[in-house]
Amino acid sequence: MKLTRVNCERILFGNVWVFGPAESEESWGKMVFLSYGRIFGYDNANEYGWDFKSSALRLTRKDGEPTSIYESYTMVSGRPRMLGRSILSPGSIFRLERLDPEQW
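So, a few notes on the structure that sits alongside this text. Note that this is a predicted model, so its numbers are computed, not measured.

Concerning the packing of aromatic side chains
Tallied over the entire structure, the rule returns seven aromatic pairs. Residues phenylalanine 19 and tryptophan 28 carry aromatic rings whose centres are separated by 5.5 Å and whose planes lie at 65° to one another, so their mutual orientation is edge-to-face. Plain terms: the ring middles of phenylalanine 19 and phenylalanine 94 are 5.5 Å apart, the flat faces sit at 65° to each other, and that makes the pair edge-to-face. Separated by 75 residues along the polypeptide, phenylalanine 19 in strand β1 (residues 17-21) and phenylalanine 94 in strand β8 (residues 93-98) bring together distant segments of the chain. Grouped by ring-pair contacts, the aromatic residues Phe13, Trp17, Phe33 and Trp50 constitute a single cluster.

What follows is the structure, given as structure tokens:
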């Protein structure tokens, strides 16, 4: 489904997300999206914050430059999953997948 600011914020806030490569179930860590554009719980300079521009969720560095872009989401086992293209590693696709509360 196409992302809009409203549905993006609705699915992002109040949830824990796993971040990792799209081609596997590997997890590089968990993150929480905060309403003021920061990411909590994941410590990497390339995923410092987030914004929503041009109909896409963008993970950003501290200077605001995007590092990956997510334009749509699908529902997998009742949970949203987003696949995004990397700006820093062209050809790489990353996964953001919402965890069930039992998995937090």
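Here the narrative resumes.
What about the nonpolar core?
Inside soluble globular proteins, nonpolar side chains tend to come together where they are buried. By size, the foremost hydrophobic cluster in this structure holds 19 residues, and its most contacted members are Phe33, Leu57, Met82 and Leu96. If you list the elements that add at least two residues to this core, you get α1 (5-12), β1, β2 (29-33), β4 (49-53), β5 (56-60), β6 (66-76) and β8. The element that contributes the greatest number of residues to this core is α1, accounting for three residues. What leucine 96 contacts, discounting residues up to four positions off in sequence, is Trp17, Val18, Phe19, Met31, Phe33, Leu57, Tyr70, Pro80, Arg81 and Met82.

A closer look at the pairing of β4
Each regular strand displays side chains that alternate between the two surfaces of the sheet. Burial of β4 is extensive: four of the five residues sit out of reach of the surface. By the bridge criterion, five bridges tie β4 to β5 in an arrangement that is antiparallel. When the sheet's bridge partners are listed, lysine 53 is paired in β5 with alanine 56. Linking β4 to β5, which pair antiparallel, is a turn of two residues; within it serine 54 sits at a positive phi near 50°.

Points about the pairing of β1
Counting buried positions over the five residues of β1 gives five, a clear majority of the element. As judged from the three bridges shared by β1 and β2, these two strands associate in the antiparallel manner. Residue pairing for β2: valine 18 is matched across the bridge by lysine 30. As paired elements, β1 and β8 share five bridges and run antiparallel to each other. When the sheet's bridge partners are listed, tryptophan 17 is paired in β8 with arginine 98.

The rules behind these values
- Residues numbered from 1 in each chain as written.
- Predicted model: local features only at pLDDT ≥ 70, side-chain atom pairs only at ≥ 80, totals over all residues.
- Heavy atoms only, no water.
- Phe/Tyr/Trp six-rings, centres within 6.5 Å; stacked < 30°, edge-to-face > 60°.
- Helix = DSSP H or I, 4+ residues; strand = E, 2+ residues; numbered from the N terminus.
- Core = buried A, V, L, I, M, F, W, Y, C linked by side-chain atoms within 4.5 Å.
- Buried < 20%, exposed > 50% of the residue type's maximum accessible area, 1.4 Å probe, protein only.
- Contact = heavy atoms within 4.5 Å.
- Pairing = 2+ DSSP bridges.

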